[in-house]
Amino acid sequence: MTHGYTASTPEPMPSYGMPQQAVAEPGPVPAPAPRKPGRDRYLDLLRSIALVRVVVYHLFGWAWLTVLFPSMGVMFALAGSLMARSLSRPPLSVVRSRVRRLLPPLWAFSAVVLALMFAAGWNPVKDPDNGGTWGLVKLVDYVVPVGAPPFPWHLGAKSGLLEDTWAVQAAGPLWYLRAYLWFVIASPLLLWAFRRFPWPTLLAPLGLTAVVGTGLVTIPGETGNAVSDFAVYGGCWVLGFAHHEGMLARIPRYVAISASALLMAFGLWWASGHLGPDGWDLNDIPLAQACWSFGFVVILLQYSPSWQELPGRLARWDKLITLSNNRAVTIYLWHNMLIMATVPIIDQAYNLPFMQSAGAEAALDSSYMLWMFLLVWPLIGLAILAFGWIEDIAAKRSPRLWPNGASRSGARRGA
């Protein structure tokens, strides 16, 4: 392990009058041992930032966060890079492994959500949007997310423990798993196409978004949503291929950054004329989301250092970053439900004796969102303890309750 310095080549001993030929010539300096392959901590840092941004966005709903850091584009790009690395092995085994890692955490989540919906009185056969036999068939999407799972738009009473749209919020994150699954299945073909026709494969999703994401061609229903998601984030997934294959590194940085800036500027220009119900929320503007995310990811990967350890002050976050990467699926699946769970917990504060004054209630009212933000993180920690180990089982690893790399760090310090 190095400590910020390298040993210099030793100088030859002086001859002190000995014949010159008796002086031994210094041998060649041995090449440094190759670095062991390991996780790229820069990519791990990006994934952790993306997860935090997703939680904050779903809590506060700030539209500008989609511009500040396009989390979903970043997450799909990182997943595409890892997928390209894995495809050095037989494609069928890689796809099977990725699907296996995805499904058990989904099954645990689906079991809880469906149990709560059934307990609240939801009957998929009588659902006005997905009723009859088709409603039962669509329940399969809670097991294998090839499509959009059914859920009631309103369940319970507005004055109940949770607002009556809680099922919609709980099922919201499942679109990402659907898109991820289809990207995984398509990756062997996409990588084959990328290696033979890199630029058309890289830019085709942007072209497809310009067709299906602008209303030029309309595909109805959830099929249209799935195709739109695939198009919007397909460019970022293939950018992950380009990063792994070294294509981005071969492009002069000034060219990549300039082109990305122009594409991002176009995305913002397009968004300005097509603002959705939440203003500048790029999630409502597919073409703007695709262009902004694509350019943003190019810049992140162009400046991508290769860190085996987090440098400087970032090192203090090492354990949390390790934990969030080891439990990324668990955090993403459960965070929306846990945000909603903060509400009935915080509401109990109104029953405390000292809260009976108007001033105390007003103070809690004004800081309610802050308390939700502070409370959701320990709840996420509890979800990691309760369900995170399923990710280890899915990956055929020994289950761990809190995989933050503490034992690894301790061993490194003692080395």
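Cut-offs applied
- Along every chain, residues carry numbers that run from 1 in the direction the sequence is written.
- Only residues with pLDDT of 70 or above have their local features reported here, since the model is predicted, and side-chain atom pairs are shown and tallied only from 80 upward, although totals for entire chains, interfaces and linings are computed over all residues.
- Note that water and hydrogens are dropped before the side-chain values are worked out from all heavy atoms of the structure.
- For the purposes of this entry, the term helix denotes a DSSP run of H or I that reaches at least four residues, the term strand denotes a run of E that reaches at least two, and both are numbered from the N terminus.
- In this analysis, two residues are considered to be in contact whenever any of their non-hydrogen atoms come within 4.5 Å of each other.
- Computed by Shrake-Rupley with a 1.4 Å probe, the accessible areas treat only the displayed protein chains as cover when residues are assessed.
- Throughout this description, buried means an accessible area under 20% of the type-specific maximum (1.4 Å probe, protein chains only), exposed means over 50%, and partly exposed covers the range between.
- Each axis is a line fitted through C-alpha atoms, and for a helix only the stretch in contact is used; angles between axes span 0 to 180 degrees, taken between their N-to-C directions.
- Should an angle fall under 35 degrees it is taken as roughly parallel, and over 145 as roughly antiparallel, whereas 65 to 115 is taken as roughly perpendicular and any remaining angle as oblique.
- Residues are grouped as follows: Ala, Val, Leu, Ile, Met, Phe, Trp, Tyr, Cys and Pro are nonpolar; Asp, Glu, Lys and Arg are charged; every other residue, Gly included, is polar.
- Expected span of a helix, by definition, is 1.5 Å for each gap between consecutive residues, and there is one gap fewer than residues.
- Aromatic rings from Phe, Tyr and Trp, with only the six-membered ring used for Trp, were paired whenever their centres fell within 6.5 Å, and each pair was classed as stacked if the ring planes differed by under 30 degrees, edge-to-face if by over 60, and tilted otherwise.
- A ring is considered to have a charge above it if a Lys NZ or an Arg CZ atom is located within 6 Å of its centre and within 35 degrees of its normal.
- Polar contacts here mean pairs of N or O atoms no more than 3.5 Å apart (in protein, one a potential hydrogen donor and the other a potential acceptor; neighbouring residues in sequence count only if both atoms are side-chain atoms).
- For salt bridges, the criterion is a side-chain nitrogen of Lys or Arg within 4 Å of an Asp or Glu carboxyl oxygen.
- For the purposes of this section, nonpolar cores are sets of buried Ala, Val, Leu, Ile, Met, Phe, Trp, Tyr and Cys residues that join through side-chain atoms within 4.5 Å.
- Per-residue confidence from the predictor is reported as pLDDT, a score between 0 and 100.
- The arc in question is formed by the directions pointing from the helix axis toward the C-beta atoms.

K.L.:
Please explain the overall build of the chain as it appears in this structure.
P.N.:
The helix and strand tally for the chain stands at 18 helices and 0 strands. Within the chain, contacts between residues separated by at least 24 positions form 74% of all contacts whose residues are at least 6 apart in sequence. For the chain, the exposed area adds up to about 22100 Å²; of that, 67% sits on carbon and sulfur atoms.

K.L.:
Before we go on, may I ask you to explain the side chain of Arg 47 in this structure?
P.N.:
Position of Arg 47 relative to the elements: it lies in helix H1 (residues 41–60). According to the relative accessible area criterion, Arg 47 is buried, its value standing at 12%. Discounting chain neighbours no more than four positions away, the residues touching Arg 47 are Arg 39, Leu 78, Leu 82, Asn 325 and Ala 328.

K.L.:
Explain the packing of helix H3 (residues 71–86) against helix H4 (residues 91–119) to me, please; I cannot follow it from the model alone.
P.N.:
Remark: H3 packs on H4, axes separated minimally by 10 Å, with the N-to-C direction vectors making an angle of 140°. Considered as vectors, H3 and H4 are oriented oblique to each other. Here Leu 82, Met 83 and Ser 86 of H3 come into contact with H4, specifically with Val 94, Val 95 and Arg 98. Considering only residue class, the contact of H3 with H4 consists of 4 nonpolar, 1 polar and 1 charged.

K.L.:
When you look at helix H12 (residues 286–302) in this model, what are you seeing that I'm missing?
P.N.:
In an α-helix, one turn spans 3.6 residues, which is why side chains three or four residues apart end up on the same side. The end-to-end C-alpha distance of H12 is 24 Å, a good match for the 24 Å that 17 residues give at a rise of 1.5 Å each. Across the 17 residues of H12, 15 count as buried, placing the element largely inside the fold.

K.L.:
What's the story with the packing of aromatic side chains in this structure? I'm lost.
P.N.:
Each aromatic ring pair is specified by the distance between its two centres and by the angle formed by the two planes. Applying the stated criterion across every chain yields a total of 27 aromatic pairs. Between the aromatic rings of Trp 292 and Phe 296, the centroid separation amounts to 6.4 Å while the plane-to-plane angle is 40°, which identifies the pairing as tilted. On the criterion of helical spacing, the pair formed by Trp 292 and Phe 296 is a turn pair, its members being 4 residues apart in helix H12. Linked through ring pairs, Phe 76, Trp 175, Tyr 176, Tyr 180, Phe 183, Phe 230, Tyr 233, Trp 237 and Tyr 332 together constitute an aromatic cluster. Geometry around Tyr 57 places Arg 53 over its ring, the cationic atom sitting 5.4 Å from the centre.

K.L.:
Please explain the environment of Asp 347 as it appears in this structure.
P.N.:
With respect to the element layout, Asp 347 can be found in helix H14 (residues 328–347). A relative accessible area of 31% means that Asp 347 is categorised as partly exposed. Residues Asp 347 and Leu 364, 17 residues apart in the sequence, show an inter-C-alpha distance of 9.5 Å. A distance of 2.6 Å separates the side chain of Asp 347 from the side chain of Tyr 368, its partner in a polar contact.

K.L.:
Please clarify how the pattern of salt bridges should be interpreted in this entry.
P.N.:
If charged atoms from side chains of opposite charge come close, those side chains can pair. Tallied over the entire structure, the rule returns 11 salt bridges. For Arg 178, the salt bridge goes to Asp 229, with nearest N and O atoms at 3.0 Å. In this pair, Arg 178 is assigned in helix H7 (residues 174–196) and Asp 229 in helix H9 (residues 221–245), connecting sequence segments 51 residues apart. Classification of Arg 178 by relative accessible area gives buried; the value is 4%. On the accessibility criterion, Asp 229 (17% relative accessible area) is buried. Here Asp 392 ties to Arg 400 by a salt bridge, and the two come within 2.8 Å at their closest N and O atoms. The buried category is assigned to Asp 392, whose relative accessible area is 0%.

K.L.:
Could you clarify how one ought to interpret the environment of Ala 79 in this entry?
P.N.:
Examined against the element boundaries, Ala 79 turns out to sit in helix H3. Exposure remark for Ala 79: the relative accessible area of 13% places this residue in the buried category. Remark: the alpha-carbon pair of Ala 79 and Cys 236, spanning 157 residues in sequence, is separated by 9.4 Å. If near-sequence neighbours (up to four positions away) are discounted, Ala 79 is found in contact with Tyr 180 and Trp 237.

K.L.:
In this structure, what is going on with the nonpolar core? I would like to understand it.
P.N.:
Burial of nonpolar side chains together is a common tendency in soluble globular proteins. If you look at the biggest cluster of nonpolar residues, it comprises 101 residues, and the most contacted ones within it are Phe 76, Met 117 and Trp 237. Contacts of Met 117, omitting those with residues within four sequence positions, involve Trp 122, Tyr 142, Pro 150, Phe 151, Pro 152, Leu 155, Trp 166 and Ala 167.

K.L.:
Which parts of the structure should I look at to understand the confidence of the model for the chain?
P.N.:
Detailed reading of predicted coordinates is not advised where the pLDDT is low. For the chain, the average pLDDT comes to 89, and 88% of its residues sit at 70 or higher. The low-confidence segment residues 410–415, where pLDDT is below 50, has 2 contacts with residues more than four positions distant or belonging to other chains.

K.L.:
In this structure, what is going on with unusual backbone geometry? I would like to understand it.
P.N.:
Glycine aside, negative phi is the norm for most residues, and most peptide bonds take the trans geometry. Residue Lys 396 is not a glycine yet carries a positive backbone phi of 60°. Its place among the elements puts Lys 396 in the loop between helix H17 (389–394) and helix H18 (406–414).

K.L.:
Please explain the environment of Ala 84 as it appears in this structure.
P.N.:
Turning to its location among the elements, Ala 84 is positioned in helix H3. Residue Ala 84 is classed as buried on the basis of its relative accessible area, which comes to 1%. A sequence separation of 153 residues divides Ala 84 from Trp 237, and the C-alpha atoms of the two residues are 9.7 Å apart.

K.L.:
Help me understand helix H11 (residues 253–272), please; the structure alone is not making it clear to me.
P.N.:
Helix length check: H11, at 20 residues, gives a terminal C-alpha distance of 28 Å against a target of 28 Å (1.5 Å per residue), a fit within 8%. Along H11, the residues classified as buried are Ala 256, Ser 260, Met 264, Gly 267, Trp 270 and Ala 271. Across the axial projection of H11, the buried residues extend over an arc of 115°, all falling on one side. Exposed positions of H11 whose direction lies more than 90 degrees from the buried face are Tyr 254, Leu 262 and Trp 269.

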